[in-house]
2 protein chains.
Amino acid sequence: MAATTRTRSRMSVPERRALILDAATQLIGDRGFRGMSLRDVAVLAGITEAGVLYHVGSKDGLLVAVLEHRDEVDMASLAERLGVDVETLDEDPLPVTLPALCRALVDRNALQPQIVRLYATLEAESLEADHPANAYFRERETWALGLFARAATTSGVEDPARTSLAMLSLMDGLQLRWLRDPTRIDLVHEWEALSEVFLGGPRA
Amino acid sequence: MAATTRTRSRMSVPERRALILDAATQLIGDRGFRGMSLRDVAVLAGITEAGVLYHVGSKDGLLVAVLEHRDEVDMASLAERLGVDVETLDEDPLPVTLPALCRALVDRNALQPQIVRLYATLEAESLEADHPANAYFRERETWALGLFARAATTSGVEDPARTSLAMLSLMDGLQLRWLRDPTRIDLVHEWEALSEVFLGGPRA
DNA sequence: GTCTATAGGACGATAGAC
DNA sequence: GTCTATCGTCCTATAGAC
């Protein structure tokens with residue numbers, strides 16, 4: 001933790017950057033990208049607005065940095081829960097069943113409502129064509145639909161594309177309700193009950 | 001259309017108000033409540049910011065006015081599609097089946113993506129406890145869950161509460177995907193396919 | 001009833017000191 | 001690397017003319 005130079009900073013660039021991204025992640029989840037200001041981020045990260053801009057260039061740059069960071073972290077944690085390598089998630093015969101994939105996602109999401117809220121907020125906000133995250137969410141949706149469809153194929157479902165759309169939609173809608181009042185809905189339990197109806201009984 | 005006084009205005013108060021609410025409705029759907037400014041509304045409505053504030057008091061007041069107006073219009077259109085009176089929607093043995101209720105909603109929503117987008121945007125934005133529409137959406141969700149549950153009971157479903165949650169979640173998630181790319185998804189057609197799986201075959 | 005004018009902030013971003 | 005200082009813009013809201 002000791003400074004290696006005689007500059008004033010007591011923190012390395014990656015550490016400071018991580019602190020900024022954490023602050024932004026929390027604030028976007030709370031207030032949305034538009035509802036959050038660089039000042040809010042700066043205060044929460046313990047530096048000034050100019051300091052934040054030095055690291056991420058612009059407000060839009062901050063959003064991009066946050067999303068890229070989340071992609072890395074979330075992909076890794078998903079792969080870990082599924083017991084496969086990260087690259088495996090892109091293979092075509094996917095060695096993961098649809099119920100297993102869904103359960104891994106729901107179990108993880110239940111532990112990080114803040115992150116789920118970040119995505120829920122940005123997903124709606126970015127519907128506008130001019131939003132800085134519009135392209136990102138377009139690609140993300142295509143990727144997710146593909147992943148679910150490959151898992152559905154592995155599970156031997158009749159109509160993989162449609163089932164993929166259904167499970168993803170159901171999951172998003174349920175999570176939105178869970179976010180509104182986490183005490184009213186037990187996400188994991190409710191998902192299990194709902195997916196049984198849709199997939200016809202529980203499986204490994 | 002002739003002015004009844006010698007003032008400058010060429011429009012009655014209700015007319016001007018309707019124009020303002022229309023403008024705000026469109027802009028909230030496009031950019032969210034936080035992403036939209038009173039100036040934007042004023043320009044689209046053809047008056048100044050001060051003019052807008054005269055009619056709705058404040059920016060938050062504008063949001064309330066928009067939501068109240070939508071409640072009126074949307075409840076009436078839903079009742080009409082179902083062939084019942086508006087008050088009937090609050091009765092406890094609800095004389096409407098769940099598939100009929102869902103189909104009426106989806107059919108109508110397919111014709112007004114702008115309004116669906118307004119709700120999708122605000123629903124996410126208002127997750128924050130301090131948002132001016134937070135209480136509104138909390139109550140709206142409770143009401144919707146109740147309506148769906150009563151329809152489920154009428155349809156003789158085993159678990160009305162859970163089925164209600166499932167259908168509402170599925171509908172929201174599907175609509176979000178439809179909003180992102182309306183050309184990729186035929187909302188009405190896709191809903192029919194998905195709900196068949198969930199409700200076990202089509203019914204009147 | 002709608003305007004002009006303006007108050008009074010908050011915002012994103014830049015320049016330059018340290 | 002982070003700061004201070006500042007610019008120019010946008011914002012909501014109010015006061016008062018017409």
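Look up: the structure comes first, before these words.
Here the structure is a predicted model, which means the values were calculated and not measured.

### Considering the relation of the copies chain B and chain A
Between chain B and chain A, the superposition needs a rotation of 180 degrees and an axial shift of 0.0 Å, giving an RMSD of 0.0 Å. Within this description, the copies of the chain are treated as partners about a two-fold rotation axis. Taken together, the interface assignments show that 100% of the residues at the interface of chain B recur at the interface of chain A, consistent with an identical surface on both copies.

### Topic: empty space enclosed by the protein
This structure, assessed with the given rule, holds 3 cavities of 30 Å³ or more. For the second largest cavity, the calculated volume is near 100 Å³. Surrounding the second largest cavity, 14 residues form its lining, T121 and E125 of chain A together with G32, T121 and E125 of chain B being those nearest its centre. Listing elements by their share of the lining of the second largest cavity, those giving two or more residues are α1 (13–35) and α6 (113–125) of chain A together with α1 (13–35) and α6 (113–125) of chain B.

### Describing the packing of helix α9 (residues 187–199) of chain A against helix α9 (residues 187–199) of chain B
Where α9 of chain A meets α9 of chain B, the axes come as close as 8 Å, and the angle between the chain directions of the two elements is 100 degrees. Between α9 of chain A and α9 of chain B, the crossing angle belongs to the class labelled roughly perpendicular. Residues L194, V197 and F198 of chain A of α9 of chain A form the contact with α9 of chain B, whose participating residues are L194, V197 and F198 of chain B. Here the contact of α9 of chain A with α9 of chain B is composed, by residue class, of 6 nonpolar, no polar and no charged.

Thresholds, definitions, all that
Counting of residues starts from 1 at the beginning of each chain's written sequence and follows it residue by residue. Labels are handed out in written order, letters beginning with A for the chains and numbers beginning with 1 for the ligands. Per-residue local features of the predicted model are confined to residues with pLDDT of at least 70, and side-chain atom pairs are confined, for both listing and counting, to 80 or more; whole-chain, interface and lining totals are unaffected and use all residues. Calculation of side-chain values draws on the structure's entire complement of heavy atoms; hydrogens and water are dropped beforehand. Here the copies are superposed with least squares, the fitted atoms being C-alpha atoms of residues at a pLDDT of at least 70 in both. Only heavy atoms enter the contact rule, under which two residues are in contact if any of them lie within 4.5 Å. We place a 1 Å grid over just the protein atoms. Points where a 1.4 Å probe fits but has no way out form a cavity, open points with protein on both sides within 12 Å along at least 5 of 7 lines form a pocket, and any residue with an atom within 4 Å of a point lines it. Grid points are joined across faces, edges and corners, and a volume is the space filled by probe spheres set on the points. Numbering of helices and strands runs from the N terminus; a helix is a DSSP stretch of H or I covering at least four residues, while a strand is a stretch of E covering at least two. For every element, the axis is a line fit to its C-alpha atoms; helices are fit only across the contacting stretch, and the angle between N-to-C directions ranges from 0 to 180 degrees. Angular relationships are summarised with four words: roughly parallel below 35 degrees, roughly antiparallel beyond 145, roughly perpendicular across 65 to 115, and oblique for the angles in between. For this scheme, ten residues count as nonpolar: Ala, Val, Leu, Ile, Met, Phe, Trp, Tyr, Cys and Pro. Four count as charged, namely Asp, Glu, Lys and Arg, and the remainder, Gly too, count as polar.

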